[in-house]
Amino acid sequence: MKKNGTPDQAGGVAPRAGSVGVPVPVNAVNAAEGRTRHEVARLLLEQGPMTAAVVAEQLGISLTAIRRHLDALVADGEAETREASRREPRGRGRPARFFLLTESGRARFGHAYDDLAVSAIRFLAEHAGPDAVRAFAERRVEALVGPHRPAITGPGDPVIRAEALATALTREGYAASTRRVGTPGGLGHHVGVQLCQHHCPVAHVAAEFPQLCEAETEAFARLLGTHVQRLATIARGDNACTTHVPVTATGIPAHPEPDSTRPPDAAAETPVSDGRTARIPNGGKPA
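Source: prediction; values computed, not measured. (Residues numbered from 1 in each chain as written. Predicted model: local features only at pLDDT ≥ 70, side-chain atom pairs only at ≥ 80, totals over all residues. Heavy atoms only, no water.)

(A) The arrangement of the pattern of salt bridges in detail. The full count for this structure, using the stated rule, is 11 salt bridges. Residue R122 pairs with E208 through a salt bridge whose shortest N-O separation is 2.7 Å. With a gap of 86 residues between them, R122 in helix α5 (residues 114–128) and E208 in helix α9 (residues 203–208) connect regions that are remote in the sequence. Overall, R122 belongs to the partly exposed group, its relative accessible area being 39%. Across the pair E142 and R149 runs a salt bridge, and its minimum N-O distance is 2.6 Å. Relative accessible area serves as the criterion here: at 38%, E142 is assigned to the partly exposed category. (Salt bridge = Lys/Arg side-chain N within 4 Å of Asp/Glu carboxyl O. Helix = DSSP H or I, 4+ residues; strand = E, 2+ residues; numbered from the N terminus. Buried < 20%, exposed > 50% of the residue type's maximum accessible area, 1.4 Å probe, protein only.)

Following this line, the structure appears as structure tokens:
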């Protein structure tokens, strides 16, 4: 027996106007719509600005349905659009629109207890001083990456280490990925890897207490065994937290460990996002 209506993109059957048939439960349709919209938002979170066509291709849903979900996210203030830059390839016609999540959209994936955390760290800073905040930030990042240390530091290649670190961060809720940058063959054959964290559960807290970002950057340098540089952070309003790991075309760190003539307690310096330097214990040796 043929049902009245046609399958919609969120699941279920949508009755045709004027038809008489078995009605579709409203709750079931709304639940399916909500799940699809959440998947659209998650894709924007994990892969950054995307066009509607790319989202549709990734999720295997019609472009019309994807545009409806994206428009709803924009209307709710959870997403915003920007036009493609001149450097990005484009075809004929109107410039492609890229969709990206707003802070409200990121909140779908966890900003719980932000106000409480900010209040607690303020209290710590007021009553114990900035050194206590710094110690807290270091303890926090150690708890974050410590369990994954063997998997990250096992390989000698900093590129493979960066990939292992991205996997660990993703498991901790940071939606991380890596990408290679630079052109091999130039002077010194310097290339690099960018570690991108597309979500930061503590971004609101880090906006007021950058010590969280600084401690994280230093921990990354120790784990990767090489100099790293923070290029962008969600806490400062960027789309992702981006850390540059410079290496040569052969995979050797572009900034190797200090030689053995330096005192063992000497510290290497690592630039961080605000232009200051962060000290790496043990001369920058891998953890």
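(B) Representation of unusual backbone geometry. One non-glycine residue, A175, adopts positive backbone phi at about 45°. By secondary structure assignment, the location of A175 is in the loop between α8 (158–171) and β5 (176–181). Residue A175 is classed as buried on the basis of its relative accessible area of 13%.

(C) Seen up close, the side chain of T153. Within the secondary structure, T153 is located in helix α7 (residues 149–153). Residue classification places T153 among the buried residues on the basis of a relative accessible area of 16%. Separated by 2.8 Å, the side chain of T153 and the backbone oxygen of R149 make a polar contact. (Polar contact = N/O pair within 3.5 Å; in protein donor to acceptor, adjacent residues only side chain to side chain.)

(D) Quick peek at the packing of aromatic side chains. For the structure on display, the rule yields zero aromatic pairs. The ring of F98 has R82 lying over it, and the distance from NZ or CZ to the ring centre is 5.1 Å. (Phe/Tyr/Trp six-rings, centres within 6.5 Å; stacked < 30°, edge-to-face > 60°. Lys NZ or Arg CZ within 6 Å of the ring centre and 35° of its normal.)

(E) A look at the nonpolar core. In terms of nonpolar packing, the biggest core is built from 39 residues, with L165, L169 and C200 touching the most fellow members. The set of elements that each furnish at least two residues to this core consists of α5, α6 (130–145), α8, β6 (190–197), α9, α10 (211–224) and β8 (241–248). Here this core takes eight residues from α10, the largest share from any one element. What L169 contacts, discounting residues up to four positions off in sequence, is L144, Y174, A175, A176, L195, Q197 and F220. Core analysis: the next-biggest nonpolar cluster, separate from the first, contains 18 residues, V40, A56, L70 and F109 among them. (Core = buried A, V, L, I, M, F, W, Y, C linked by side-chain atoms within 4.5 Å. Contact = heavy atoms within 4.5 Å.)

(F) How the structure looks around the confidence of the model for the protein chain. Mean pLDDT over the protein chain: 78, with 68% of residues reaching 70 or higher. Contacts of residues 1–20 to residues separated by more than four positions or lying in other chains number 25 contacts, the stretch itself having pLDDT below 50. Between residues 256–287, whose pLDDT stays under 50, and residues either more than four places distant or in other chains, the model counts 56 contacts. (pLDDT = per-residue confidence, 0-100.)

(G) The arrangement of the environment of G192 in detail. Along the chain, the position of G192 falls in strand β6. Separated by 10 residues in sequence, G192 and G182 place their C-alpha atoms 6.1 Å apart. Setting aside anything within four residues of it in sequence, one finds G192 in contact with R179, R180, V181, H244, V245, P246 and V247.

(H) Summary view of empty space enclosed by the protein. Counted under the stated rule, the structure contains two cavities of 30 Å³ or more. Within this model, the largest cavity holds a volume of roughly 70 Å³. L44, L45, G48, P49, L100, L101, R106, H198 and N239 are the residues that line the largest cavity. Secondary-structure elements contributing two or more residues to the lining of the largest cavity are α1 (26–47) and β4 (97–101). Among the residues making up the lining of the largest cavity, the classes are represented as five nonpolar, three polar and one charged. The volume enclosed by the second largest cavity comes to roughly 50 Å³. (1 Å grid on protein atoms, 1.4 Å probe; cavity = no way out; pocket = protein on both sides within 12 Å on 5 of 7 lines; lining within 4 Å. Points joined across faces, edges and corners; volume = space filled by probe spheres on them. Nonpolar A, V, L, I, M, F, W, Y, C, P; charged D, E, K, R; others polar.)

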